[in-house]
Amino acid sequence: KAALSKTDSVVLENEAHEAGPLAIGGLDDEYTGHDDIPATLRAMEKLAGAHIILSHGPDPTPDLPEGSVVLAGHTHCGQIRLPLVGAIATQSRYGDRFACGRTDDPDGTAIVGAGLGTTRRQPP
């Protein structure tokens, strides 16, 4: 967050921002319990444009209003993925339901990207 604040990036934590024809809601991290769906939706209601929700992970999708579109990562198309087998670990309470790509859920659509990155502590 500190690094992003030094750029033109907009950090959204349960907030919304209008970008061209889009009203983008940035849902804070559900995995750590910092998400606030009602606050994010209230912020989006004030903006014009098609609504898209950015979320660290796809798990909030069933808790959002019908027709929602969520762009997410976190599951990384399977934290562990084997050739011919597919994802064997996804870091989602829904198993592989939202593991990768587009999922048309009865409540909305989740689009999950494979992402890039890792967490590893660097020596001082």
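Above: the structure in question.
Residues numbered from 1 in each chain as written. Predicted model: local features only at pLDDT ≥ 70, side-chain atom pairs only at ≥ 80, totals over all residues. Heavy atoms only, no water.

In this structure, the second largest pocket encloses a volume near 160 Å³. Lining the second largest pocket are Val 10, Leu 12, Gly 26, Leu 27, Asp 28, Asp 29, Leu 54, Ser 55 and His 56. When contributions to the lining of the second largest pocket are tallied by element, the ones reaching two or more residues are β2 (22-27) and β3 (50-55). (1 Å grid on protein atoms, 1.4 Å probe; cavity = no way out; pocket = protein on both sides within 12 Å on 5 of 7 lines; lining within 4 Å. Points joined across faces, edges and corners; volume = space filled by probe spheres on them. Helix = DSSP H or I, 4+ residues; strand = E, 2+ residues; numbered from the N terminus.)

All right, on to the pattern of salt bridges then. Between side chains of opposite charge, pairing is possible as soon as their charged atoms come close. A complete count under the given rule lists 4 salt bridges for this structure. The partner of Arg 93 in a salt bridge is Glu 30, with the nearest N and O atoms 2.2 Å apart. Here Glu 30 lies in the loop between β2 and α1 (37-45) and Arg 93 lies in the loop between β6 (86-89) and β7 (101-104), a separation of 63 residues in the sequence. Looking at Arg 93, the relative accessible area reads 46%, which means it is partly exposed. Since its relative accessible area comes to 21%, Glu 30 is described here as partly exposed. Between Asp 104 and Arg 102 there is a salt bridge; the shortest N-O distance is 3.0 Å. Per residue, the accessibility class of Asp 104 equals that of Arg 102, and both read exposed. The network of salt bridges with common partners includes Glu 30, Asp 63 and Arg 93. (Salt bridge = Lys/Arg side-chain N within 4 Å of Asp/Glu carboxyl O. Buried < 20%, exposed > 50% of the residue type's maximum accessible area, 1.4 Å probe, protein only.)

A separate point is empty space enclosed by the protein. Inspection of the entire model under this criterion finds 1 cavity of 30 Å³ or more. Within this model, the largest cavity holds a volume of roughly 70 Å³. Lining the largest cavity we find 13 residues, and of these Glu 30, Tyr 31, Gly 57, Asp 59 and His 74 sit closest to its centre.

Residues Ile 37, Ala 39, Thr 40, Ala 43 and Met 44 constitute the buried set of α1. Seen from one end, α1 has its buried residues packed into an arc of 165°, which puts them on one side. The N-cap residue of α1 is Asp 36: its side-chain oxygen and the backbone nitrogen of Ala 39 are 3.1 Å apart. (Arc of directions from axis to C-beta. Polar contact = N/O pair within 3.5 Å; in protein donor to acceptor, adjacent residues only side chain to side chain.)

Below, the discussion takes up unusual backbone geometry. Positive phi outside glycine occurs at Asn 14, with the angle close to 60°. With respect to the secondary-structure elements, Asn 14 resides in the segment before β1 (15-19).

The subject of this paragraph is the sheet that holds β7. To summarise the sheet geometry, strands pair through backbone hydrogen bonds and adopt either a parallel or an antiparallel arrangement. Strand order in this open sheet of 6 strands is β1-β2-β3-β4-β8-β7, and the pairing throughout is mixed. Both edges of this open sheet fall to β1 and β7, since each of them pairs with a single strand only. Each adjacent strand pair in this sheet contributes to an overall mean axis angle of 25°, direction not counted. Alignment of β1 against β2, held across 5 bridges, turns out to be antiparallel. (Pairing = 2+ DSSP bridges. Axes fitted to C-alpha atoms, helices over the stretch in contact; angles between N-to-C directions.)

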